[in-house]
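Spelled out, the chains give:
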Amino acid sequence: MDVLPQLAAWKKEARMRLSGARGARSVKRLFAESGVTPDRRERMPNIYLGGVLAAVYGIGVAEAFLPQQGKGAWEIEIFDESGKKVPFTREGALGVNLD
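Remember, it's a predicted structure, so these values are computed and weren't measured experimentally.

1. Here's the deal with the pattern of salt bridges
Part 1 of the argument: In this structure the tally under the stated criterion is 3 salt bridges.
Part 2 of the argument: A salt bridge links Glu 63 to Arg 17, with the shortest nitrogen-to-oxygen separation between them at 2.8 Å. Separated by 46 residues along the polypeptide, Glu 63 in the loop between strand 6 (60-61) and strand 7 (73-76) and Arg 17 in the loop between strand 2 (15-16) and strand 3 (25-26) bring together distant segments of the chain.
Part 3 of the argument: Note on Arg 17: relative accessible area 36%, which makes it partly exposed.
Part 4 of the argument: A single salt-bridge network, built from bridges that share partners, covers Arg 25, Arg 29 and Glu 33.

2. Describing the pairing of strand 5 (residues 52-56)
Part 1 of the argument: Most of strand 5 sits out of view: 4 of its 5 residues are buried.
Part 2 of the argument: Direction of pairing for strand 4 (residues 46-49) relative to strand 5: antiparallel, over a ladder of 4 bridges. By the bridge assignment, Asn 46 is partnered in strand 5 with Val 56.
Part 3 of the argument: Joining the antiparallel neighbours strand 4 and strand 5 is a turn of 2 residues, in which Gly 50 adopts a positive phi near 60 degrees.
Part 4 of the argument: Pairing of strand 5 with strand 6, which is carried by 2 bridges, proceeds in the antiparallel orientation. Paired with Val 56 across the bridge in strand 6 is Gly 60.

3. Here we look at the sheet that holds strand 1 (residues 6-8)
Part 1 of the argument: Here 4 strands make up an open sheet; going across it, the order is 1-4-5-6 and the pairing antiparallel. Looking at the sheet topology across the chains shown, the edges are occupied by strand 1 and strand 6.
Part 2 of the argument: Both strand 1 and strand 4 contribute to a ladder of 3 bridges, which runs antiparallel. Across the sheet, Leu 7 pairs through a bridge with Ile 47, a residue of strand 4.

4. Some thoughts on the nonpolar core
A general trend in soluble globular proteins is that nonpolar side chains are found buried together.
Part 1 of the argument: Within the largest apolar cluster, 21 residues are counted, with the highest numbers of intra-cluster contacts made by Met 16, Val 27, Phe 31, Leu 53, Val 56, Ile 59 and Phe 65.
Part 2 of the argument: Those elements giving two or more residues to this core turn out to be helix 1 (27-33), strand 4 and strand 5.
Part 3 of the argument: Among the elements that line this core, the one with the most residues is strand 5, at 4 residues.

Reading the values: rules and limits
Residues numbered from 1 in each chain as written. Predicted model: local features only at pLDDT ≥ 70, side-chain atom pairs only at ≥ 80, totals over all residues. Heavy atoms only, no water. Salt bridge = Lys/Arg side-chain N within 4 Å of Asp/Glu carboxyl O. Helix = DSSP H or I, 4+ residues; strand = E, 2+ residues; numbered from the N terminus. Buried < 20%, exposed > 50% of the residue type's maximum accessible area, 1.4 Å probe, protein only. Pairing = 2+ DSSP bridges. Core = buried A, V, L, I, M, F, W, Y, C linked by side-chain atoms within 4.5 Å.

If you want it as C-alpha cells, here you go:
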C-alpha cells in the first residue's frame, strides 16, 4: 500500500474487524466495551490508510492491517505531554501492514 497514514477523530459510522472477531463491529461499541467514555472518544486518534480505518488508539488494529512477517509495516508510537511513550493498544506498539 503506497499511502501515508492519516490521523482523524472517530467517525460514528466507522466499523472495524479486530483479529479473531466474527465480524466487523462499530467503533462506538468497541469504545464502550473497552470502557472509553463518550467524552474521551473525540480525543482518541484513529488511523486511516487509503480511506480505510486501520487502527483505533486504545482499541487495536483492524485484522486486515495487522503486520505480517516479511512485509513492510509502519510502527507508530504515541507520546504524552511529558514525553513518556504511551502504548497505542493494550498489546503495546502499533504495527500497521503496508502491503
